[in-house]
Amino acid sequence: MADVSVREASEDDCDEIIRLMQEFATHEGNLHLLKTSVQSRPRLVGYLLYMWSFTTMSGRFLFVEDLFVEKNFRRKGVGSLLWASAMKLALSWGCGYMQWMAKRRNTMGINFYKKLGAVETNTDSIMTFTLDNDAMKTACSNIVS
Ligand SMILES: CC(C)(COP(=O)(O)OP(=O)(O)OC[C@H]1O[C@@H](n2cnc3c(N)ncnc32)[C@H](O)[C@@H]1OP(=O)(O)O)[C@@H](O)C(=O)NCCC(=O)NCCS
């Protein structure tokens, strides 16, 4: 187990979290899409970004947007500690489940989730839609006129 501690992020952590987001985006090949900058602060080695969400059928659930651990700190239990912290939070809020997305080619992430006992819930009948900023503006102007 790595010698790390897990805690809620604060405003002071923003620069360090952005640095990790840049590393994550580089890892994913998406760095050109990240529109942020960074200055140095005390060191963080991983982060988990979550948000609360809600369904009419099941009530509140916790959606995990990002999970990232720096390369040199992987396979030392850091990801598990971050995930445990999110699970405790979700349980304390009475969430029925947690949810997140993973790229099919991300075997590292998938192995991590399988070890947790997570189940893939893809179905052929559900589609995910996206409206980008320009499309929203166009759709709005078409509807409101
Ligand atoms: C996925 C990630 C967060 C895991 O963090 P971590 O700190 O290495 O995870 P842990 O050390 O807690 O691993 C827990 C278990 O997950 C599984 N696991 C984690 N990484 C694995 C790998 N590369 N290959 C196979 N199994 C792996 C193992 O079962 C491991 O237990 P073990 O080490 O006792 O065998 C980390 O690899 C990472 O940041 N990857 C890049 C970003 C990413 O893919 N994020 C997920 C996006 S969906």
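Placed above this text is the structure.
*Asks:* Can you walk me through the packing of helix H2 (residues 78-92) against helix H3 (residues 107-116) in this structure?
*Replies:* Running from N to C, H2 and H3 point in directions that differ by 55 degrees, and their axes come no closer than 12 Å. The angle between H2 and H3 places the two elements in the oblique class. Here H2 runs over H3; the crossing is right-handed. On the side of H2, the interface is formed by Gly79, Ser80, Trp83 and Met87, while H3 contributes Phe112, Tyr113 and Leu116.

*Asks:* Looking at this model, I keep getting lost on a nonpolar patch on the surface. Mind explaining?
*Replies:* The grouping of Met1, Val6 and Leu81 at the surface amounts to a nonpolar patch, some 290 Å² of accessible area in total. With respect to the helices and strands, valine 6 occurs in the segment before helix H1 (14-28).

*Asks:* Before we go on, may I ask you to explain the pairing of strand S2 (residues 59-69) in this structure?
*Replies:* Consecutive side chains along a regular strand alternate between the two faces of the sheet. By the criterion of burial, S2 is predominantly enclosed, with nine of the 11 residues buried. Alignment of strand S1 (residues 46-55) against S2, held across 10 bridges, turns out to be antiparallel. Bridge pairing in S2 places threonine 55 opposite glycine 59. Two elements, S2 and strand S3 (residues 98-100), share three bridges in a ladder whose sense is parallel. Residue pairing for S3: leucine 62 is matched across the bridge by methionine 98. Between S2 and its parallel partner S3, the chain crosses via H2, and the hand of that crossover is right-handed.

*Asks:* Teacher, can you tell me more about the site of the ligand here?
*Replies:* In the vicinity of the ligand there are 20 residues, among which Val69, Arg75, Gly79, Ser80 and Asn106 approach most closely. Residue glycine 77 places a main-chain N or O atom 2.8 Å away from an oxygen atom belonging to the ligand. A distance of 2.5 Å separates an oxygen atom of the ligand from a polar side-chain atom of serine 80. Counting residues per element, the ones that place at least two in the shell around the ligand are H1, S2, H2 and H3.

Quick notes on the rules
Residues numbered from 1 in each chain as written. Predicted model: local features only at pLDDT ≥ 70, side-chain atom pairs only at ≥ 80, totals over all residues. Heavy atoms only, no water. Axes fitted to C-alpha atoms, helices over the stretch in contact; angles between N-to-C directions. Helix = DSSP H or I, 4+ residues; strand = E, 2+ residues; numbered from the N terminus. Parallel < 35°, antiparallel > 145°, perpendicular 65-115°, else oblique. Left-handed = near helix turned anticlockwise from the far one by under 90°. Contact = heavy atoms within 4.5 Å. Patch = residues over 30% accessible without salt bridge, like charges linked within 9 Å, V, L, I, M, F, W, Y side chains within 5 Å. Areas by Shrake-Rupley, 256 points an atom, 1.4 Å probe, with all protein chains shown as cover. Salt bridge = Lys/Arg side-chain N within 4 Å of Asp/Glu carboxyl O. Buried < 20%, exposed > 50% of the residue type's maximum accessible area, 1.4 Å probe, protein only. Pairing = 2+ DSSP bridges. Right-handed = clockwise from strand over helix to strand, strands pointing away. Near = heavy atom within 4 Å. Polar contact = N/O pair within 3.5 Å; in protein donor to acceptor, adjacent residues only side chain to side chain.

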